[in-house]
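# Close look at the chain arrangement
As a plain string of letters, each chain reads:
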Amino acid sequence: MDITQAIRAAAEAARPAATGGKVADYIPQLRELDPHRFGLAVVELDGTEHVEGDVDIPFAIQSMSKVFALTLAMQQCGGERAVRREIWERVGREPSGDPFNSLVQLEHECGIPRNPMINAGALVIADLLIENCDEPVAEILNLVAELTGETISLDPATAAAEEQFSDRNRAMGSLMAAFDNLVNPLDQVLDVYNKQCSLMMSARQLARSVRFLANDGIDPASGRQVLSSSLAKRVMAVMLTCGTYDAAGEFAFSVGLPCKSGVAGGIMAVAPDHSGICVWSPPLDAAGNSLAGRVALHDLTDRLDLSIF
Ligand code: GLN
């Protein structure tokens, strides 16, 4: 089936599902999102863009930033052995089966977060970035600017609100510091994390920006090796098993692609050797993933036979 036709059909099938979800309400910037917004973008490796709906409206990327932060941390480590030592000694790669901001597992597992796609894991990655980058947030912004071919900025009001409502993340950070798994001052780590969550990107830009994963680590626009193909594979594996929290099994079952969601209703997906995909619909399911977004990806991957399985 033609991709343009498929995304139109998937959007039509998915839009009504949004009414069953709930827009995140812990900060005003998310609470005020229009629940009727819906965008779906598929960007092929050759640069062809297929889009439907609100694909050019920037929204806070929230937890989708965890993929870019992990990518940057891997780049900074500069090789697989260093990645093993510096990243995988401090953060695991098992699905958590718990909400993205859960504290319980951290205590049992001595301050080693289950994976880099949940908040605790992302705080460890932010800590690593502070150690390795002069300006971690600027470098994340540079990375996404390079991958999208456009200037990306962050929303200071969202970052400030995230900071104001960061009690749970602060608790996780303190617990990890008590287990010696945070090196830098917690305020500094939270600042990087809150700012990376506040990057404003559109569905079209997000679809472009994950194409390097679909292309063995090489950004198809510039030809630059962003990550080695081996590390790109690892990032996708973590997205598949952990990127949608305790719904990762359901996503593997119904969508069959490495995905990463954010609490503003975006979900990006990687179709290896094919495309980068992003869907945006703010109402969330109980696990914190866009409800209509999942329906759209399920429908789309069935129509285009994109599941990796
Ligand atoms: N800013 C959110 C938080 O830290 C991000 C979570 C998400 O997008 N799932 O709770």
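Please refer to the structure placed before this passage.
Residues numbered from 1 in each chain as written. Predicted model: local features only at pLDDT ≥ 70, side-chain atom pairs only at ≥ 80, totals over all residues. Heavy atoms only, no water.

What follows concerns the packing of aromatic side chains. Per the counting criterion, the structure on display carries two aromatic pairs. Centre to centre, the rings of Phe59 and Trp280 are 4.4 Å apart; their planes meet at 5 degrees, and the pair counts as stacked. Note that Phe59 is positioned in strand β3 (residues 59-60) and Trp280 in strand β8 (residues 275-280), a separation of 221 residues in sequence. An angle of 45 degrees between the planes, with centres 5.0 Å apart, marks the rings of Phe100 and Tyr245 as tilted. Of the two residues, Phe100 is situated in the loop between α4 (80-86) and α5 (104-108) and Tyr245 in the loop between α13 (229-242) and α14 (248-254); the sequence distance between them amounts to 145 residues. (Phe/Tyr/Trp six-rings, centres within 6.5 Å; stacked < 30°, edge-to-face > 60°. Helix = DSSP H or I, 4+ residues; strand = E, 2+ residues; numbered from the N terminus.)

Further remarks concern the pairing of strand β2 (residues 49-53). Both strand β1 (residues 39-44) and β2 contribute to a ladder of five bridges, which runs antiparallel. Note on β2: the bridge partner recorded for Gly39 is Gly53. In textbook terms, the turn of a hairpin is the stretch between consecutive antiparallel strands, and for β1 and β2 this stretch comprises four residues, one of which, Gly47, has a positive phi near 100 degrees. (Pairing = 2+ DSSP bridges.)

Quick look at the sheet that holds strand β7 (residues 266-271) now. If you trace the five strands from one edge of the open sheet to the other, you get β2-β1-β8-β7-β6, paired in antiparallel fashion. What marks the edges here is a single partner per strand, and that holds for β2 and β6 (259-261). Between one strand axis and the next, the sheet turns through 10 degrees on average, direction left out of account. The sheet contact formed by β1 and β8 spans six bridges and is antiparallel. Within β8, the residue paired with Ala41 across the bridge is Cys278. Along the sheet face, helix α15 (residues 291-304) touches β1, β6, β7 and β8 and points at about 145 degrees away from the line of β8. (Axes fitted to C-alpha atoms, helices over the stretch in contact; angles between N-to-C directions. Contact = heavy atoms within 4.5 Å.)

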